[in-house]
Amino acid sequence: MEGTSTQTDYNDEDRFSRLHDSVIHYILSFNDTKCAVQTCVLSKRWIDVWKSLPFLNYNRSSFPNDKKHRFINFVDMVFLCHRQDYDIQRVNVCWENSGFDDLVTTNVNRWRVNAVHHNVQEISIVIDDYLHNLAYEIPYHLVHCQSLRKLEIRVSYIAGYVNIILPSSINLPRLKEMVLSGFSISNLELSGRLFSSCPVLETLDILGSDVTIDNGRNLIVDSPSLKRFAYSWSRRNLLPQNDINANIINLCAPNLEDFFCSFFFTVVFMECLWGNCWSILS
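Residues numbered from 1 in each chain as written. Predicted model: local features only at pLDDT ≥ 70, side-chain atom pairs only at ≥ 80, totals over all residues. Heavy atoms only, no water.

Trainee: An account of helix 5 (residues 103–117) is requested, with residue identities and associated values reported.
Mentor: In an α-helix, one turn spans 3.6 residues, which is why side chains three or four residues apart end up on the same side. The terminal C-alpha atoms of helix 5, which comprises 15 residues, lie 21 Å apart, in line with the 21 Å expected from a rise of 1.5 Å per residue. Among all positions in helix 5, only Val104, Thr105, Asn107, Val108, Asn109, Trp111, Arg112, Val113, Ala115 and Val116 are buried. Where helix 5 is buried, its residues meet helix 4 (68–81), strand 2 (90–95), strand 3 (122–127), strand 4 (135–137) and strand 5 (150–155). Within two residues after helix 5, Asn119 carries a phi angle of roughly 55°, on the positive side. (Helix = DSSP H or I, 4+ residues; strand = E, 2+ residues; numbered from the N terminus. Expected span 1.5 Å × (residues − 1). Buried < 20%, exposed > 50% of the residue type's maximum accessible area, 1.4 Å probe, protein only. Contact = heavy atoms within 4.5 Å.)

Trainee: Summarise the packing of aromatic side chains; cite the residues concerned and give the values.
Mentor: Evaluation of the coordinates by the stated rule reveals ten aromatic pairs. Ring centres of Tyr58 and Phe79 lie 5.8 Å apart, and the angle between their planes is 45°; this geometry places the pair in the tilted category. Of this pair, Tyr58 sits in strand 1 (residues 55–59) while Phe79 is found in helix 4, placing the two residues 21 residues apart along the sequence. The class for Tyr58 is buried, based on a relative accessible area of 3%. With a centroid separation of 5.7 Å and 90° between ring planes, the pair formed by Phe71 and Trp111 is classed as edge-to-face. Note that Phe71 is positioned in helix 4 and Trp111 in helix 5, a separation of 40 residues in sequence. Neither Phe71 nor Trp111 differs from the other in exposure class; each is buried. A cation sits over an aromatic face here: Lys34 above Phe63, 4.3 Å from the ring centre. (Phe/Tyr/Trp six-rings, centres within 6.5 Å; stacked < 30°, edge-to-face > 60°. Lys NZ or Arg CZ within 6 Å of the ring centre and 35° of its normal.)

Trainee: Report on the side chain of His82, specifying residues and quantitative values.
Mentor: Among the secondary structure elements, His82 is positioned in the loop between helix 4 and strand 2. The residues touching His82, leaving out its near neighbours within four places in the chain, are Lys51, Ser52, Leu53, Asp87, Ile88 and His118.

Trainee: Which residues make up the side chain of Thr203, and what values do they have?
Mentor: Note on placement: Thr203 falls in strand 8 (residues 203–207). Of the residues examined, Thr203 reaches a relative accessible area of 15% and is grouped as buried. With residues near it in sequence (within four places) discarded, Thr203 still touches Lys176, Glu177, Met178, Leu226 and Arg228.

Trainee: Which residues make up a nonpolar patch on the surface, and what values do they have?
Mentor: Among the surface-exposed residues, Phe16, Val23, Tyr26, Ile27 and Phe30 lie close enough to one another that they form a single nonpolar patch of about 490 Å² accessible area. Here Val23 shows up in helix 2 (residues 21–28). Under the relative-accessibility criterion, Val23 is labelled partly exposed at 37%. (Patch = residues over 30% accessible without salt bridge, like charges linked within 9 Å, V, L, I, M, F, W, Y side chains within 5 Å. Areas by Shrake-Rupley, 256 points an atom, 1.4 Å probe, with all protein chains shown as cover. Salt bridge = Lys/Arg side-chain N within 4 Å of Asp/Glu carboxyl O.)

Spelled out as structure tokens, the structure:
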């Protein structure tokens, strides 16, 4: 009987709650932040654990389709309650089926600024089926974040392009990884400045996007720190005035280790472009 009692006490022990906050934070980082906040009802130990989460994952699909404002209020509440003495390491926002919703950019940009105020290191934004406006403005504070190490922006507009509007100045001194997917940048000067303002950039993925830096439709990336470069191209992502093939991808990256390209146009042009890239790499 004594052995049975000991076994029962052992099984009833809440060893999970005795873990250090950093371990609990790591475990919760694999879940949606909504689930992490719901742990506050478990016990007194858990009431404030979510208020110092370094990993925030927001997914619009975690709320019913007709409860958009509940999703917005929830994200605002988490940022408002997050402890100021704890930095945020990573923020992921996924807003699917955004449609003609004019609240998408307003709210997502506000959350980005909130993350910057918490010295965020990684930001990933995925906006699916963005139909409200063919222009998407990037907030000033985001491209001047001194702590940011990874920036991922994926905007999907099934009927065509989304034109990204950048601030007149950009400064990302610690950014090491940039992923741009599904949009165009019409301002050629700012397009070039986006890459040159990242002095320690190591990974650059330009996927299904129309990004050039001069009137000759050239994409020039000059980065001594760059180690990985990935590029894919599709005609449907082009701005109307750029409905022609890109001429040259000029990649100057002496420390490049990983290179990937995928195109959707004629074999002849692909061979010329690959030959140009290969000569740069060699």
